[in-house]
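The primary structure of each chain is shown beneath.
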Amino acid sequence: MINQTAYGLGANRSVIRDLFEYGRGRAALVGEENVFDFSLGNPSIPSPAQVNETIRQVLADTDSLVVHGYTSAVGDYATRKAIADDLNARYNAGAEPEDFFIGCGAAPELVAVLKALAVPGGEVLTVAPYFPEYKPFAEGAGLTFKVVPPDVPDFQINFEALEALLTEKTQALILNSPNNPSGVVYSGETLQRLSALLTAKSEAYGHPIYIISDEPYRELTYGGIVTPWVPHFYPNTVVCYSYSKSLSLPGERIGYVYVPKTAADAKALYAAVAGAARQAGHVCAPSLWQKVIARCTHLRPDLEAYDRNRKTLYEGLTALGYEMAKPDGAFYLFIKAPGGDAMAFSEKAKQKDLLLVPGDGFGCPGWFRICYCVSYDMIQKSLPVFAALIKE
Ligand code: PLP
């Protein structure tokens, strides 16, 4: 007998993967240059050159058995120390090495934190639009997953809807800023209001409601915007970070969970995160990558190429009459579907080999996502297709 939930998740591809595979097929038929694939969030700027140099250095000056050996289950001390030092320098975070669990990217880290907070009958909320994998992560952990409807058109937080969904069973709220798919960065004002609401509700219910701050796009911001450091606004925050996007390393699977000492029951929560990761068989993150990261925490992405894509699309599409959220971060634009039906619009676009992801899977029907980590050339060539579509 086979677990049917797991079977369903494994047997059915996501809409995004489906579109991507469709694009590959079309490219083989009509030529790569005639397919405008905006479906997948795979970074398109290379990792900083120092990353590859550091791999060579680590291999050259570290004993091979140590490089390829198991690390401590929660991660190398030196790596955790380097990350703490970096966060302290940038945010005055007050972090210490023992506050970190080194993980294999944000996905398994989120799973570990959700499992750590999964009590019988527990609920977890997120804010639409949201990363669709949150639902299987939360439900797999045994939590009931609830979605706060979107705050259209700014895509900050719909506080009335959030308040109505908070109950004594709420264990946590997953927050993702800069946001996939909207590209929006939650403002300091939004975080202050969120903090006040969660503090009041935590007091009323007699237990902490945590923010799980999912931050793979933290450093991907434009036009002088800086992603606010969530633990400064709300102490009961657990950070899930990943180098997948900031250092263009999605295939290497490396990141961390940070449980600040200021969080309620921090020690127990940290132990539960480590324990949940152990239950999932997710400990001892890749040793070589831990050693590389220990020497690369100071590196930041060169965002020039993304920023040029962002501006060209934002200005080009706005001039054509498309409406969208202000894209201050990540590498996504979230656009209102002309005609109101994003599924139908995406289908029409597909006929022209323009691949757009409908927002339904992100909890936001009527909008579609563009991923602009693609070539500049493709963006320029795609604008006439967008023009033809909106005319139709
Ligand atoms: N969270 C969000 C919002 C994402 O967009 C992604 C990946 O695209 C992840 C988490 C998972 O990231 P990782 O590659 O670090 O597992």
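Residues numbered from 1 in each chain as written. Predicted model: local features only at pLDDT ≥ 70, side-chain atom pairs only at ≥ 80, totals over all residues. Heavy atoms only, no water.

Student: Just give me the short version of the overall build of the protein, but keep the residues and values in it.
Tutor: Along its length, the protein carries 15 helices and 12 strands. Whereas a compact globule of 392 residues would reach a radius of gyration of roughly 21 Å, the protein reaches 21 Å, a difference of no more than 12%. Dimensions of the protein along its principal axes, counting C-alpha atoms only, are 60 × 55 × 55 Å. Here the protein holds 392 residues, and the buried ones make up 55% of them. Sequence-distant contacts in the protein: of pairs separated by 6 or more residues, those separated by 24 or more amount to 75%. Summing over all exposed atoms, the protein offers an accessible surface of approximately 16,800 Å²; the carbon and sulfur share of this is 54%. (Helix = DSSP H or I, 4+ residues; strand = E, 2+ residues; numbered from the N terminus. Rg over C-alpha atoms; globule rule 2.2 N^0.38 Å. Buried < 20%, exposed > 50% of the residue type's maximum accessible area, 1.4 Å probe, protein only. Contact = heavy atoms within 4.5 Å. Areas by Shrake-Rupley, 256 points an atom, 1.4 Å probe, with all protein chains shown as cover.)

Student: Describe the site of the ligand, with residues and values.
Tutor: Close to the ligand lie 14 residues; A106, D214, Y217, S242 and R253 are nearest. A distance of 2.7 Å separates an oxygen atom of the ligand from a polar backbone atom of A106. For the ligand, the protein covers 91% of the area, taking 400 Å² as the surface of the free molecule. Taken together, the residues of the shell around the ligand break down into six nonpolar, five polar and three charged. (Near = heavy atom within 4 Å. Polar contact = N/O pair within 3.5 Å; in protein donor to acceptor, adjacent residues only side chain to side chain. Nonpolar A, V, L, I, M, F, W, Y, C, P; charged D, E, K, R; others polar.)

Student: Could you give an account of the sheet that holds strand β12 (residues 367–371), with specific residues and numbers?
Tutor: Reading across the sheet, the three strands line up as β9-β12-β11 and stay open at both edges, with antiparallel pairing between neighbours. Both outer strands of the open sheet, β9 (332–336) and β11 (357–358), are each paired with one neighbouring strand and no more. (Pairing = 2+ DSSP bridges.)

Student: Which residues make up the environment of D328, and what values do they have?
Tutor: Structurally, D328 is set in the loop between α13 (304–320) and β9. A sequence separation of 101 residues divides D328 from T227, and the C-alpha atoms of the two residues are 9.5 Å apart. Beyond its immediate chain neighbours, meaning those up to four positions away, D328 contacts G183, V185, L220, T221, Y222, I225 and R310.

Student: Please set out the nonpolar core residue by residue, giving values where relevant.
Tutor: One finds F38, L317, F331 and I370 to be the most contacted residues of the largest nonpolar core, which totals 35 residues. Every element with two or more residues in this core is listed here: α13, β9, α14 (342–351), β12 and α15 (376–391). The leading source of residues in this core is α15, at six residues. (Core = buried A, V, L, I, M, F, W, Y, C linked by side-chain atoms within 4.5 Å.)

Student: Describe the packing of aromatic side chains, and please don't skip the residues or the numbers.
Tutor: Taken as a whole and assessed by the stated rule, the structure comprises 22 aromatic pairs. Between F131 and Y134, the ring centres sit 5.7 Å apart and the planes meet at 80°, which makes this aromatic pair edge-to-face. Given a relative accessible area of 28%, F131 falls into the partly exposed group. Note that R308 overlies the ring of Y376, its terminal NZ or CZ placed 3.6 Å from the centroid. In this structure, K350 is placed above the aromatic ring of Y22, and the distance from its NZ or CZ to the ring centre is 4.5 Å. (Phe/Tyr/Trp six-rings, centres within 6.5 Å; stacked < 30°, edge-to-face > 60°. Lys NZ or Arg CZ within 6 Å of the ring centre and 35° of its normal.)

Structural measurements only, silent on function.
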